[in-house]
Amino acid sequence: MERRTFVKMAFGGGILGLLLGMEGSSEAGDGLIRPPGAVPEEMFLSTCARCGKCAEICPLGCIRIAHGEQGLAIGTPYIVPQEGYCDLCLKCIDVCAAGALKPVEKEKVRMGLAEIDKDICLARKGEDCRVCHAACPFYDRAIKLEDYKYPQVDPDYCTGCGRCENVCIASPRKAVTVKPRRE
Ligand code: SF4
Ligand code: SF4
Ligand code: SF4
């Protein structure tokens, strides 16, 4: 039996509900950035059908599927911005028949929140770097320039799409990281 078929059967058969009653299970998937429009995490774990259709449709191939190490989040979709950002096309929402991804306007997506580490940011070290500021799809709103030089994230506009983290040229560690935003 294919892994995806097994996961689908297991979760569709109510095993998930049983497991969600287990102590500590609410921590499953806590660190994962979900695709746009995801319902709150606990509900997401019990709603997502683990069908993988969102990952299949994603034109950028940025949706990954969680494996065993993610506990009860196994089979659910998530995004790793360093490897692939989301361009907010919202096609994944269109194919989610289970209702785990709900329609949302691009500007209102809150899949995560970017954070800039000032100790690593090249602009703060005197370099003329504005790569994240230039790449952000919400130009000069989600990332603004303090004193015309230093990138700063505005949580009121940041969608968590991950493009800034993906393009950040600081090395070996990125100066921008996106953390999941649970609202
Ligand atoms: S919105 Fe588009 S790019 Fe983003 S995860 Fe969904 S399908 Fe992929
Ligand atoms: S399409 Fe919806 S139900 Fe299917 S894996 Fe993606 S989020 Fe889960
Ligand atoms: S600041 Fe980064 S994560 Fe937020 S919207 Fe801009 S590119 Fe996307």
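Since this is a predicted model, take the numbers as computed values, not measurements.

Visitor: I'd like a description of the overall build of the protein chain, backed by residues and values.
Guide: Tallying secondary structure elements over the protein chain gives 7 helices and 6 strands in all. Reading the secondary structure of the protein chain in the N-to-C direction produces α-α-α-α-β-β-α-β-α-β-β-α-β. Contacts spanning at least 24 positions in sequence make up 69% of the contacts within the protein chain whose residues lie at least 6 apart.

Visitor: Go over the site of ligand 3 with me, naming the residues and quoting the values.
Guide: The immediate surroundings of ligand 3 are formed by 14 residues, with C136, A142, C158, C161 and C164 found nearest. Taken together, the residues that form the shell around ligand 3 break down as 10 nonpolar, 3 polar and 1 charged.

Visitor: Got a sec to walk through the nonpolar core? Specific residues and values, please.
Guide: One finds C164 and V176 to be the most contacted residues of the largest nonpolar core, which totals 38 residues. Among the elements of the structure, α3 (41-47), β2 (77-79), β3 (112-116) and β6 (176-180) are those that each provide at least two residues to this core. Two domains each donate at least three residues to this core, and these are domain 1 (3-95) and domain 2 (110-180). Apart from residues lying up to four places away in sequence, V176 is in contact with A114, I116, C132, C164, E165 and C168.

Visitor: Any chance you could break down the environment of A66 for me, citing the residues and the numbers?
Guide: With respect to the secondary-structure elements, A66 resides in the loop between β1 (63-65) and β2. Take A66: there are 20 C-beta atoms within 10 Å of it, and that puts it in the buried class. Those residues in contact with A66, other than ones at most four positions away along the chain, are L32, A73, I74, G75, T76 and Y78.

Visitor: Please set out the environment of G126 residue by residue, giving values where relevant.
Guide: Among the structural elements, G126 can be located in the loop between β3 and α6 (131-135). With 24 residues separating them along the chain, G126 and Y150 place their C-alpha atoms 9.6 Å apart.

Visitor: Kindly report on the pairing of β3, identifying the contributing residues and their values.
Guide: Every second residue of β3 is oriented toward a common face, the buried set being G112, A114 and I116 and the non-buried set L113 and E115. Where β3 meets β6, 5 bridges bridge the pair, whose relative direction is antiparallel. Opposite A114, over in β6, you have V178 as the bridge partner.

Visitor: Any chance you could break down unusual backbone geometry for me, citing the residues and the numbers?
Guide: S171 connects to P172 through a cis peptide bond whose omega is 5 degrees. Among the secondary structure elements, P172 is positioned in the loop between α7 (163-167) and β6. In this structure, R50 takes a positive phi of about 55 degrees despite not being glycine. Along the chain, the position of R50 falls in the loop between α3 and α4 (53-57). A residue is classified by how many C-beta atoms lie within 10 Å of it, and R50, with 24 of them, is buried. Even without glycine at this site, L88 takes up a positive phi of about 60 degrees. Using a count of 18 C-beta atoms within 10 Å as the deciding quantity, one classes L88 as partly exposed.

Visitor: I'd love a proper account of the pairing of strand β4 (residues 143-146), names of residues and values included.
Guide: With 4 bridges joining them, β4 and strand β5 (residues 150-153) adopt antiparallel strand pairing. Within β5, the residue paired with L145 across the bridge is P151. A loop of 3 residues connects β4 with β5, the two strands running antiparallel in sequence, and D147 in this loop sits at a positive phi of about 55 degrees.

Visitor: Give a description of the confidence of the model for the protein chain that names residues and reports values.
Guide: For the protein chain, the mean per-residue pLDDT works out to 88, and 84% of the residues sit at or above 70. Segment residues 1-26 is flagged for pLDDT under 50; beyond a separation of four residues in sequence, or across chains, it makes 24 contacts in the model.

Rules behind the numbers
Residues numbered from 1 in each chain as written. Chains lettered and ligands numbered in written order. Predicted model: local features only at pLDDT ≥ 70, side-chain atom pairs only at ≥ 80, totals over all residues. Helix = DSSP H or I, 4+ residues; strand = E, 2+ residues; numbered from the N terminus. Contact = placed C-beta atoms within 7 Å. Near = placed C-beta within 6 Å. Nonpolar A, V, L, I, M, F, W, Y, C, P; charged D, E, K, R; others polar. Core = buried A, V, L, I, M, F, W, Y, C linked by C-beta atoms within 7 Å. Buried ≥ 20, exposed ≤ 12 C-beta atoms within 10 Å, placed from the backbone. Domains from an automatic or database assignment. Pairing = 2+ DSSP bridges. pLDDT = per-residue confidence, 0-100.

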